[in-house]
Amino acid sequence: MATIREVDAVKMFMGKLAHGADLLEEITKICVDQDICLGRIEALGAVKKARLGYYNQQDHEYHFFDLNQTLEITNLIGNISTKDGAPIVHAHITLSDEDGHAYGGHLAPGTIVFACEIAIQVLDGPNFVRGLDQETGLPLWKMNE
Ligand code: ZN
């Protein structure tokens, strides 16, 4: 059964990320600096290279792979919640090459910004706290605790 909670939209931040920054680390730093513990993220732009993850559902382990080429960010979508008392960003990204071929996956550190425009919607509501989910092996939201 799905478990959901009502949250309220508070405000939005919009801006651009620094050239050469680590995409995931830069977004996380904004959340820490602005004290954003609940929210949603969208972004577009381009990267110099990327490191993405794919979760192996049998092994319960992430397989990470590198794309050592310049790519467009055709979509980045993510959310902000908390884990171990700090904001954590979970984002997935779709990237395209010069022929329009797309790659996608779980955004990992090691993805380097060429240019990136970001919007962060800040939400207000109950805490969404991540903890280990035994069934999947993932740090999912503990909704009933
Ligand atoms: Zn993911």
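Residues numbered from 1 in each chain as written. Predicted model: local features only at pLDDT ≥ 70, side-chain atom pairs only at ≥ 80, totals over all residues. Heavy atoms only, no water.

S.K.: So what about the coordination of the zinc ion? Which residues, and what values?
M.R.: For a metal with four tetrahedral donors the ideal donor-metal-donor angle is 109.5 degrees, whereas six octahedral donors ideally subtend 90 or 180 degrees. Coordination sphere of the zinc ion, protein contribution only: His90 (NE2), His92 (NE2) and His106 (ND1), at 2.0 to 2.1 Å. Donor residues for the zinc ion sit on one chain with the sequence pattern H-x1-H-x13-H. (Donors = N, O, S within 2.8 Å, 3.2 Å for Na, K, Ca; no water.)

S.K.: With reference to specific residues and values, describe the pattern of salt bridges.
M.R.: As enumerated under the stated definition, the model contains four salt bridges in all. Between arginine 40 and glutamate 42 there is a salt bridge, with the nearest N and O atoms lying 3.7 Å from each other. Classification of arginine 40 by relative accessible area gives partly exposed; the value is 35%. In this structure, arginine 51 and aspartate 66 form a salt bridge, with 2.8 Å as the shortest nitrogen-oxygen distance. Placement of the pair is arginine 51 in strand β2 (residues 39–56) and aspartate 66 in strand β3 (residues 61–67), with a sequence separation of 15 residues. Aspartate 66 sits in the partly exposed class, given a relative accessible area of 42%. (Salt bridge = Lys/Arg side-chain N within 4 Å of Asp/Glu carboxyl O. Buried < 20%, exposed > 50% of the residue type's maximum accessible area, 1.4 Å probe, protein only. Helix = DSSP H or I, 4+ residues; strand = E, 2+ residues; numbered from the N terminus.)

S.K.: Outline the packing of aromatic side chains, listing residues and values.
M.R.: All told, the structure shown has three aromatic pairs when counted by the stated rule. Ring-pair connections join several aromatic residues into one group, and the members of that group are Tyr55, Tyr62 and Phe64. (Phe/Tyr/Trp six-rings, centres within 6.5 Å; stacked < 30°, edge-to-face > 60°.)

S.K.: Describe in detail unusual backbone geometry, supporting the description with residues and values.
M.R.: Glycine aside, residues mostly have negative phi angles, and peptide bonds mostly take the trans form. The residue aspartate 35 is not glycine, and still its phi comes out positive at about 55°. Its place among the elements puts aspartate 35 in the loop between α1 (23–33) and β2. Although it is not a glycine, aspartate 84 adopts a positive phi angle of roughly 55°. Inspection of the secondary structure puts aspartate 84 in the loop between β4 (71–83) and β5 (86–96). Taking relative accessible area as the criterion, aspartate 84 reaches 71% and is therefore assigned exposed.

S.K.: Please provide a residue-by-residue account of the environment of leucine 52, values included.
M.R.: Within the element layout of this structure, leucine 52 appears in strand β2. For the pair formed by leucine 52 and alanine 115, sequence separation is 63 residues and the distance between their alpha carbons is 18 Å. Setting aside its immediate chain neighbours within four residues, leucine 52 contacts His63, Phe64, Phe65, Leu67, Ile93, Leu95, Gly104, Gly105, His106, Leu107 and Thr111. (Contact = heavy atoms within 4.5 Å.)

These figures come from the coordinates and say nothing about function on their own.
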